[in-house]
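One-letter residues, chain by chain:
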Amino acid sequence: MPTPPKQTDKIKVSGVILVDKPKGMTSQQVVSKVKYLFKSPNHDSKKAGHTGTLDPMATGLLPICMGEATKFSHYQLDADKSYQATILLGSQTDTGDADGQIVAQAPIPKFDDSLLADIAQQFLGAQQQIPPMYSALKKDGKKLYEYARAGIEVERSPRDIVVKAIDISSIDAEQIQVTVTCTKGTYVRVLGEDIAKAMGTLGHLTALRRTQVGNFTIDDAIALSELEEITLDTRQAHLMPVDACIDIEAELTLTTEQCTRVHMGQRLNVFEQLTDDLKDYVSDNIANQSVIGEDETTISHQITHLNTVTNDSSANNHSYKIPLAEHEIPVDIRLVDENGLFLGLGAVSLNGRLQPKKLIQR
């Protein structure tokens, strides 16, 4: 007879849950609450994390990865995000939102929809943004908001962002609403301040709601209060699969023997298993990653896959890097077993070499 599980053995909670974050809680507080709600004498929910911080004042979509799903959370960290923000014109706060103290005021000029449409166009596309002092970014090992609370302002380097869609509409003579889709690292508080300045006044956010992260939308999220009220089994039903964050469609089916080998960290030769569709996928990804590069060096940096070769015969024994040939460049794909069960991610190249990357434990 099989040995019964030990009393200490617990089922690891794994998957992705979309939570509608309430106002007044930090993102980490929401994660801690969700971990508690999925905990039971039979379930281990210790490992969890969100895919992008929301300010305490903000509400909206907060994807939370649990267990094995945390291995793939970076796909949503890097994803585009959409927000809806309310900006009160005429005053600026030290934090850029209603949680801060008013530090400056200015008269509000008259504006109409035509002016707001013109201003929206000014903020569309690639640009640079200086992060706010009240942020969790670090300078010399210390968070910026710690400097800010001590009355110290430090120099911050501008960051590249892209505003992919933006709409500005009037609420009343003192308030506007901004709906924006932007790349990671965009501070909507700073965007709100900059829009107000472009209108000839000052402003700060009084409300911020995140409505989309990658392919996840707020319509699919559950309110934290509702999650508290339902049973553990019903909570489990709200968990999406461990690979929900991954936006890769291409997959390779491995044999039982190959599954065993990749779980041991071994590389495989899967050249015979590469279909035309897989080869096209790998080729397209290589082309997309290197499109900015105009020479071999630039391309090699863009795709960040290099071989390091050491020349032992040189006097100084220097190491130098040589760009990989196109057929050697690895591209991430999904790995599944013969039953279609998701195993994790691997990196495959056109020469058939497969390197396991992030595999889940079941």
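Residues numbered from 1 in each chain as written. Predicted model: local features only at pLDDT ≥ 70, side-chain atom pairs only at ≥ 80, totals over all residues. Heavy atoms only, no water.

A short note on the overall build of the protein
- Tallying secondary structure elements over the protein gives 10 helices and 23 strands in all.
- Burial analysis of the protein (362 residues in total) assigns 42% to the buried set.
- Put simply, 67% of the contacts in the protein that link residues at least 6 apart link residues at least 24 apart.
- For the protein, the accessible area works out to roughly 19800 Å², and carbon and sulfur atoms hold 47% of it. (Helix = DSSP H or I, 4+ residues; strand = E, 2+ residues; numbered from the N terminus. Buried < 20%, exposed > 50% of the residue type's maximum accessible area, 1.4 Å probe, protein only. Contact = heavy atoms within 4.5 Å. Areas by Shrake-Rupley, 256 points an atom, 1.4 Å probe, with all protein chains shown as cover.)

So, the UniProt feature "active site" (unreviewed entry) in the protein
- UniProt tags Asp55 as "active site" (unreviewed entry).
- With sequence-adjacent residues up to four places away left out, Asp55 is seen in contact with Lys21, Met25, Asp97 and Arg189. (UniProt positions renumbered as here; feature names shortened; annotations may be inferred.)

Here's the deal with the side chain of Gln129
- Counting through the fold element by element, Gln129 comes out in strand E9 (residues 125-129).
- At a separation of 2.8 Å, a polar atom in the side chain of Gln129 contacts the main-chain amide nitrogen of Tyr187. (Polar contact = N/O pair within 3.5 Å; in protein donor to acceptor, adjacent residues only side chain to side chain.)

Side note on the nonpolar core
- One finds Ile166, Ile168, Ile176 and Ile195 to be the most contacted residues of the largest nonpolar core, which totals 26 residues.
- Elements represented by at least two residues in this core include exactly strand E6 (81-89), helix H3 (113-122), strand E12 (159-170), strand E13 (175-182), helix H5 (188-198) and strand E14 (203-213).
- Of the domains in this structure, domain 1 (11-78 + 216-238) and domain 2 (81-213) are the two that each give at least three residues to this core.
- Residues within four places of Ile168 in sequence aside, it is in contact with Leu116, Ile119, Ala120, Ile176, Gln177, Val178 and Ile195.
- Judged by nonpolar contacts, the second largest core, of 21 residues, contains Leu278, Val331, Val348 and Leu350. (Core = buried A, V, L, I, M, F, W, Y, C linked by side-chain atoms within 4.5 Å. Domains from an automatic or database assignment.)

A short note on the packing of aromatic side chains
- Using the criterion set out here, one finds one aromatic pair in the structure.
- Positioned over the ring face of Tyr147 is Lys142, at 4.9 Å from the centre of the ring. (Phe/Tyr/Trp six-rings, centres within 6.5 Å; stacked < 30°, edge-to-face > 60°. Lys NZ or Arg CZ within 6 Å of the ring centre and 35° of its normal.)

Brief notes about the layout of surface pockets
- Considering only enclosed or pocket space, the largest pocket measures out at about 1100 Å³ in volume.
- Taken together, 34 residues line the largest pocket, and the ones lying closest to its centre are Thr53, Asp55, Ala136, Tyr187 and Arg189.
- Those elements that provide at least two residues to the lining of the largest pocket are helix H1 (27-37), E6, helix H4 (144-149), H5 and E14.
- Here the residues of the lining of the largest pocket sort into 12 nonpolar, 12 polar and 10 charged.
- When its volume is computed, the second largest pocket comes out at roughly 430 Å³.
- If you go around the second largest pocket, you meet 21 residues; those closest to its centre are Asp94, Pro132, Met133, Glu153 and Arg156.
- Taken together, the elements giving at least two residues each to the lining of the second largest pocket come down to strand E7 (91-93) and H5.
- At five residues, H5 tops the list of elements feeding residues into the lining of the second largest pocket.
- Tallied by class, the residues present in the lining of the second largest pocket amount to nine nonpolar, five polar and seven charged. (1 Å grid on protein atoms, 1.4 Å probe; cavity = no way out; pocket = protein on both sides within 12 Å on 5 of 7 lines; lining within 4 Å. Points joined across faces, edges and corners; volume = space filled by probe spheres on them. Nonpolar A, V, L, I, M, F, W, Y, C, P; charged D, E, K, R; others polar.)

Details of the sheet that holds strand E17 (residues 251-253)
- Sheet architecture is open: five strands sit in the order E17-E21-E22-E23-E18, paired in mixed fashion. Here the strands that pair on one side only, and so sit at the sheet edges, are E17 and strand E18 (268-269).
- With three bridges joining them, E17 and strand E21 (residues 331-336) adopt parallel strand pairing. Paired with Leu252 across the two strands is Leu335, which belongs to E21. (Pairing = 2+ DSSP bridges.)

Digging into helix H8 (residues 256-263)
- When we look at burial in H8, the residues that qualify are Gln258, Cys259 and Val262. Seen from one end, H8 has its buried residues packed into an arc of 105°, which puts them on one side. Facing away from the buried side of H8 by over 90 degrees, the exposed positions are Thr256 and Glu257.
- Turning to H8, the residues buried within the fold contact E17, E18, strand E22 (342-348) and strand E23 (353-359).
- Backbone geometry just downstream of H8 places Gly265 in the positive-phi region, at approximately 85°. (Arc of directions from axis to C-beta.)

Let's talk about the side chain of Arg156
- Here Arg156 lies in the loop between H4 and E12.
- In terms of polar contacts, Arg156 uses its side chain to reach the side chain of Glu153, at 3.1 Å.
- A polar contact of 3.2 Å, which involves the side chain of Arg156, links it to the backbone oxygen of Val154.
- If near-sequence neighbours (up to four positions away) are discounted, Arg156 is found in contact with Ile130, Pro131, Pro132, Met133 and Leu144.

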